[in-house]
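Results of the structural survey
Here is how the chains run, residue by residue.
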Amino acid sequence: MKIKKYILMSVVGFMASLLSSCVFDDVSDNPVINISGIEIKAAGLNNGVLTLTVGQTIQLSSEIYPADATVVKVTWKSSDKNVVTVSETGLVTAVKSGQVTVTLQSVANPDIKATIEVHVVDGTVDVNNEPVDQSFAESRG
């Protein structure tokens, strides 16, 4: 019995000395800062609505809050891929006319998300990114 206790005490002592000699990184030097908010940005975005024509592409970008967040993985999603597709980098492609919601969402905390409405029209849009009535435009020559 004394031998077993001696071996156990030696193993415990060895483990304790091994752990005490290990160097652990100080976590306070590298704090993990999660996203607290996100926002979608794009040229032509007007009050959360973006109007595109069929075949048009536009690059969306994200604003992450706080600016010093270290956990910044996000996903882009279209509510209807038949109308609008969106890539992992936020590149939107208008496929056919209709309306969809594009969502940007934090992977670490799915409750943190931003959305915009995308309206896709056949035809053209004016300089204010508003749909142009093609029949009116054609009658004016």
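Structure's up top.
We now turn to the structure provided with this report.

To continue, consider the sheet that holds strand β3 (residues 57-59). Judged by pairing direction, the sheet is antiparallel, and its three strands sit side by side in the order β3-β7-β6 without closing on themselves. Where the open sheet ends on each side, the last strands, each with one partner, are β3 and β6 (84-86). Between one strand and the next, the sheet's axes are offset by a mean angle of 20 degrees, whatever the strand orientation. Note that β3 and strand β7 (residues 91-94) share three bridges and pair antiparallel. Following the sheet pairing, T57 is matched in β7 by T93.

Burial along strand β5 (residues 74-78) is one-sided: the face carrying V74, W76 and S78 is buried and the face carrying T75 and K77 is not. Pairing between β5 and strand β8 (residues 98-106): five bridges, direction antiparallel. Each residue of the ladder has a partner; that of T75, found in β8, is Q105.

As a further point, take the nonpolar core. As a rule of thumb, nonpolar side chains are buried together in soluble globular proteins. One finds L60, V84, V102 and V118 to be the most contacted residues of the largest nonpolar core, which totals 25 residues. Of all elements in the fold, only β1 (37-41), β2 (49-53), β5, β6, β7, β8 and β9 (113-121) reach the threshold of two or more residues within this core. A per-element tally of this core places β9 first, with four residues. Residues in contact with V118, not counting those within four places in the same chain, are L50, L52, V84, G98, Q99, V100 and V102.

What counts and how
Residues numbered from 1 in each chain as written. Predicted model: local features only at pLDDT ≥ 70, side-chain atom pairs only at ≥ 80, totals over all residues. Heavy atoms only, no water. Pairing = 2+ DSSP bridges. Helix = DSSP H or I, 4+ residues; strand = E, 2+ residues; numbered from the N terminus. Axes fitted to C-alpha atoms, helices over the stretch in contact; angles between N-to-C directions. Buried < 20%, exposed > 50% of the residue type's maximum accessible area, 1.4 Å probe, protein only. Core = buried A, V, L, I, M, F, W, Y, C linked by side-chain atoms within 4.5 Å. Contact = heavy atoms within 4.5 Å.

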